[in-house]
Amino acid sequence: MKTSTSTQALPATGKRSSNYFGLGTYLGLAGALLAMIVLFSLLSDHFLSYETFSTLANQIPDLMVLAVGMTFILIIGGIDLSVGSVLALAASAVSVAMLGWGWSVFPAALLGMACATLAGTITGSITVAWRIPSFIVSLGVLEMARGVAYQMTNSRTAYIGDSFAWLSDPVAFGISPSFIIALLIILAAQAVLTRTVFGRYLIGIGTNEEAVRLAGINPKPYKIVVFSLMGLLAGVAALFQVSRLEAADPNAGAGLELQVIAAVVIGGTSLMGGRGSVISTFFGVLIISVLAAGLAQIGASEPTKRIITGAVIVIAVVLDTYRSNRAKRQS
Amino acid sequence: MSASAQAAVLSVSGIGKTYAQPVLSDIDLTLMRGEVLALTGENGAGKSTLSKIIGGLVVPTTGNMQFQGKPYKPASRTEAERLGVRMVMQELNLLPTLSVAENLFLDNLPSRGGWINRKRLRADAIQAMAQVGLDAIDPDTLVGELGIGHQQMVEIARNLIGDCHVLILDEPTAMLTAREVEMLFEQITRLQARGVSIIYISHRLEELARVAQRIAVLRDGRLVCVEPIADYSSEQLVTLMVGRELGEHIDLGVRAIGDVALAVKGLGRAGKVKDVSFDVRSGEIFGISGLIGAGRTELLRLIYGADVADSGHIEVGSPLRVASIRSPVDAVAHGIALITEDRKGEGLLMNQSIRANIALGNMASISSNGVVNGHEETRLAQRQVEAMRIRSSSTAQLVSELSGGNQQKVVIGRWLERDCKVMLFDEPTRGIDVGAKFDIYTLLGELTRQGRALVVVSSDLRELMLICDRIGVLSDGRLIDTFERDSWSQDELLAAAFAGYQKRDALLNEAAPGNAL
């Protein structure tokens, strides 16, 4: 639509529109988080305590690293449903290497991460090579990874012992190495997204893949790498979990993909691609974890917890859509 | 056919339509009962807009219409259809996964309590199909299994169900084979005999002469003539379409024309582009003209590797060497750039900044070890914004907030930092207002002075005549002819654009009806 007959540019709207994650977005998410914390501490005397905090810090590293990978995936306009199963696959590989073959911790950990990376690479390659929606491909990989995990462990939980325990043992203030590692991964990922050529291309691919291709850039390898990275991070999450449970459970991570996607979407990353921030995702992870912890504290039943969590996800997405529509109308 | 036997079915008077600029003004036209009126003109002359106004898809800005003696002011296509004014668009409006019968009666399936009455549907469909000579087809066939010609006939049959007094056909033969065209013409004659009036839009002059009684020629949104078609020769009609005014003059500066920078040899793909060969020298602007659908965009995409050619190759560099181009990455490596026609869909990241859009494709120069240097990025964008006079508040402004002309400059700016010897422009001034067009022309001149070779595709013949050194004319996928500056005329160029189709029409005339081509 032509809007003017002069060559003059339209005036800038001042707003940087909806794709820009600035202080405002972060403040909004932090405000929502704070409101939740205040609400739960009013409802329960025990909520605002060291125990709640250390339990949270102990539990969320898995979700944090998975959500980082998922943020990248959503930014290129994809989705990966297999992360929970891939996590179980990596954990199973670790247990087989250590218990079955007598490997030591580090080689076993590397093997676990390698298996997970391979699974992600398979999802990515098939998606890209045959131009199949990643939704479908990852659904298939979800089943396959779970099956392989069962096969490797004979469907039994394998007790590994405390050889990984150092990862999740608090070093200070209830904070464990795994939490610190997850935090570093978040910071590194945000830097990659905003400051590197790779990050720029991902946002470009998610916004308009054809424009990127016609600018003389081959988008395919970048897309595959994003899925490989998702696999690798699922492997890291698996190590965190093995460390915490001191066991490898082939049932681990069932349904986890939905929690991960929910956290990323609550953070404001678009399911349509091209728009997202790892820092926002971190807030999403905190919101969803605090919600779960708070509801448990006030004694909400499992069904109630699920209903409320579901509602929060829907409200977050509705608010985000409303916000971006308004920004679109203004620009 | 005496004039007294004819009654006006539809008349329009003073019809005009203005979007940002007027696209149609002051149209007076009367359609008689049972006549075929040809509507023709150059690309963008206003044919589609006029037919959409009559068909109820577009509301006119000025003027009024009368249909069967009553004021006619359709608010929607549905309302126009209810009154008996039907339109068959170029893009077919059928559901390929449903049967012919279901498609024909989709808006009014015979049913009882929600259950479809199959028997009646079938019977009704057979009757409707017989009207357009589709007797040989089973109404239960899925539409997706039919050839495109038959699909077109189904679309027409659908529009004949119920009252149909006026039928608008927009380029109905664009996708048909010669035999299907014959079939269509037969049906048109039958409809005419039933008293249906037809507006037949096409730029295939031979076809119009065969099927229509009168011809209406549009030029720049105005009606140039409405006359019996027999009074005009093809050449006269072409002259009418183009008009006689000469374009403005523009000084692109002194350029040194150098060696051949791009040689295209026998490039072809899937019947859209057929064996096209030409050379472009550095410092030269080579224009490509032709009608919509002649294969111009497809040709540029082949050169750039956005699509892969079935046959032929290109040569670039100095000395010329064969370049194997299988993707845009290869093309860019060989110093070829493409500025696409569809800026929104294929060129820009609309909801991102000018800076990010210029940086895309220049990452190597503004990053080290994979890390983008923000200062370098801004400096690069600033340089291009100044050099190209992009009107913007800052390099952080979103490109979606820019005018069409400035958006185009952003796309072009992306390439200028790179060593592109050959730049391909697809409709560089489409959707850009007149003032900005001249900015773009000046810019193209600057690019040639830098020794680049330009290939410019445009639907606007006057634009090409203004800026090009040579113009090649594509028609039906073939490069029909190449004209030198000072030795071309508008008439010759346009005649060449029609030439490929006339050859096909000649073939069509040779082939007896019923002979498959």
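Residues numbered from 1 in each chain as written. Chains lettered and ligands numbered in written order. Predicted model: local features only at pLDDT ≥ 70, side-chain atom pairs only at ≥ 80, totals over all residues.

Tallying secondary structure elements over chain A gives 11 helices and two strands in all. Along chain A, helices and strands appear, N-terminal first, in the series α-α-α-α-α-β-α-α-α-β-α-α-α. Here chain A has a C-alpha radius of gyration of 21 Å; the compact-globule value for 331 residues is 20 Å, and the two agree. Each principal axis of the C-alpha atoms in chain A carries an extent, and together these give about 75 × 55 × 35 Å. Here chain A holds 331 residues, and 49% of them are scored as buried. Counting contacts in chain A only where the partners sit at least 6 residues apart, residues at least 24 apart contribute 79% of the total. (Helix = DSSP H or I, 4+ residues; strand = E, 2+ residues; numbered from the N terminus. Rg over C-alpha atoms; globule rule 2.2 N^0.38 Å. Buried ≥ 20, exposed ≤ 12 C-beta atoms within 10 Å, placed from the backbone. Contact = placed C-beta atoms within 7 Å.)

Our next topic: the pairing of strand β11 (residues 214-219) of chain B. Residue and element names in this part refer to chain B. Across the six residues that make up β11, a large majority, five, are buried. Bridging between strand β3 (residues 36-41) and β11 involves five bridges; their strand directions are parallel. Across the sheet, residue Leu39 finds its bridge partner in β11, namely Ala216. In the sheet, β11 pairs with strand β12 (residues 222-228) via six bridges, with the strands oriented antiparallel. Its bridge partner being in β12, Arg214 is matched across the sheet by Pro228. The antiparallel pairing of β11 with β12 creates a hairpin that spans two residues between the two strands, and Asp220 there sits at a positive phi of about 50°. (Pairing = 2+ DSSP bridges.)

What follows deals with the packing of helix α3 (residues 83-100) of chain A against helix α5 (residues 134-153) of chain A. Residue and element names in this part refer to chain A. Running from amino to carboxyl end, α3 crosses α5 at an angle of 20°, the nearest separation of the two axes being 8 Å. Taken together, the axis directions place α3 and α5 in an arrangement best described as roughly parallel. In this structure, α3 crosses over α5, and the sense of that crossing is left-handed. Residues Ser85, Val86, Ala88, Leu89, Ser92, Ala93, Ser95 and Val96 of α3 touch α5, and the partners they reach there are Leu142, Ala145, Arg146, Val148, Ala149, Met152 and Thr153. Partitioning the contact of α3 with α5 into residue classes produces 10 nonpolar, four polar and one charged. (Axes fitted to C-alpha atoms, helices over the stretch in contact; angles between N-to-C directions. Parallel < 35°, antiparallel > 145°, perpendicular 65-115°, else oblique. Left-handed = near helix turned anticlockwise from the far one by under 90°. Nonpolar A, V, L, I, M, F, W, Y, C, P; charged D, E, K, R; others polar.)

This brings us to the sheet that holds strand β15 (residues 285-289) of chain B. All names here are of chain B. Read from one edge to the other, the open sheet built from six strands follows the order β18-β21-β22-β15-β23-β24, with strand pairing classed as mixed. Strand pairing shows two members of the sheet lacking a second neighbour, β18 (336-339) and β24 (478-484), which therefore form its edges. Within this sheet the neighbouring strands show an average axis-to-axis angle of 20°, counted without direction. Sheet strands touched by helix α9 (residues 296-304): β15, β18, β21 (422-426), β22 (453-457) and β23 (470-475). Its angle to β21, the strand with the most contacts, is close to 150°.

The next point concerns the packing of α3(A) against helix α9 (residues 256-266) of chain A. Residues and elements named next belong to chain A. Interaxial distance between α3 and α9 falls to 6 Å at its minimum, and their mutual angle equals 125°. The angle between α3 and α9 places the two elements in the oblique class. Between α3 and α9, the residues in contact are Val83, Gly84 and Leu87 and Leu256, Glu257 and Val260, respectively. Considered class by class, the residues forming the contact of α3 with α9 number four nonpolar, one polar and one charged.

Attention now goes to helix α14 (residues 374-387) of chain B. Residue and element names in this part refer to chain B. For α14, built from 14 residues, the straight-helix expectation of 20 Å at 1.5 Å per residue is met to within 8% by its first-to-last C-alpha distance of 20 Å. Residues of α14 that are buried: Glu377, Leu380, Ala381, Gln384 and Val385. Viewed end-on, α14 has its buried residues packed into an arc of 130°, placing them on one side of the element. Opposite the buried face of α14, at more than 90 degrees from it, the exposed residues are His375 and Glu386. On its buried side, α14 packs onto α12 (354-359), α13 (363-366), β20 (371-372) and α15 (404-416). Just downstream of α14, Arg389 is the residue with a positive phi angle, here 55°. (Expected span 1.5 Å × (residues − 1). Arc of directions from axis to C-beta.)

What follows concerns the pairing of strand β4 (residues 62-67) of chain B. Residue and element names in this part refer to chain B. Where strand β1 (residues 8-18) and β4 come together, five bridges link them in antiparallel fashion. Of the residues in β4, the one forming a bridge with Gly16 is Thr62. Bridging between β4 and strand β5 (residues 70-72) involves three bridges; their strand directions are antiparallel. When the bridges of β5 are listed, Gln66 appears paired with Pro71. Between β4 and β5, which pair antiparallel one after the other, the connecting turn spans two residues, and Gln68 there sits at a positive phi close to 50°.

Parts of the prediction with low pLDDT should not have their coordinates interpreted in detail. All names here are of chain B. Here chain B shows a mean pLDDT of 86. Residues at 70 or above account for 92%. At the level of individual helices and strands, chain B shows its lowest average pLDDT in helix α18 (residues 490-510), which scores 71, and its highest in β22, which scores 96. Confidence drops under pLDDT 50 across residues 1-5; counting only partners more than four residues distant or on other chains, this segment forms one contact. Below a pLDDT of 50 lies the segment residues 510-517, which in the model reaches eight contacts outside its immediate sequence neighbourhood of four places, other chains included. (pLDDT = per-residue confidence, 0-100.)

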